[in-house]
Amino acid sequence: MGRKGKIDYELKIKAVEEYLNNVGSQTSIASKYGVTRNSFRQWIVNYQSMGKEALMNKSHNNFYSKEFKITVIKSIS
């Protein structure tokens, strides 16, 4: 079963662009859209480092094969 983001992609873009255009503070904009300031701050970081696409909601969880998981565990040990 996939996961669904609580905030639409378009609203995330709008919120981040409001902040970048000095419309409000992180706290006021986060409150306006009903998210925590930490989540909103992460949106800003993602937007600035990876662009608008970074704010898209994923429609599914990542899947990793058994072999990949074993390789990761071995590399950590």
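Residues numbered from 1 in each chain as written. Predicted model: local features only at pLDDT ≥ 70, side-chain atom pairs only at ≥ 80, totals over all residues. Heavy atoms only, no water.

Per an unreviewed UniProt entry, the chain goes by the name Transposase and belongs to Crassaminicella thermophila. In the Sequence similarities (unreviewed entry) part of its UniProt record, the chain is described as follows: "Belongs to the IS150/IS1296 orfA family." (UniProt positions renumbered as here; feature names shortened; annotations may be inferred.)

Peer 1: How would you sum up the nonpolar core? Please name residues and give values.
Peer 2: Ranked by internal contacts, the top residues of the largest apolar core, which has 13 residues, are Ala15, Val16, Val35, Phe40, Trp43 and Leu55. Elements with a contribution of two residues or more to this core: helix H1 (9–20), helix H2 (26–33) and helix H3 (37–50). For this core, the leading source of residues is H3, giving 4 residues. (Core = buried A, V, L, I, M, F, W, Y, C linked by side-chain atoms within 4.5 Å. Buried < 20%, exposed > 50% of the residue type's maximum accessible area, 1.4 Å probe, protein only. Helix = DSSP H or I, 4+ residues; strand = E, 2+ residues; numbered from the N terminus.)

Peer 1: Tell me about the packing of aromatic side chains, and name the residues and values.
Peer 2: Scanning the entire structure with this criterion turns up 3 aromatic pairs. Ring centres of Phe40 and Trp43 lie 5.9 Å apart, and the angle between their planes is 75°; on these two criteria the pair is classed as edge-to-face. In this pair, Phe40 and Trp43 both sit in helix H3, 3 residues apart, roughly one turn of the helix. Residues Phe40 and Trp43 agree in their burial class; the two are buried. (Phe/Tyr/Trp six-rings, centres within 6.5 Å; stacked < 30°, edge-to-face > 60°.)

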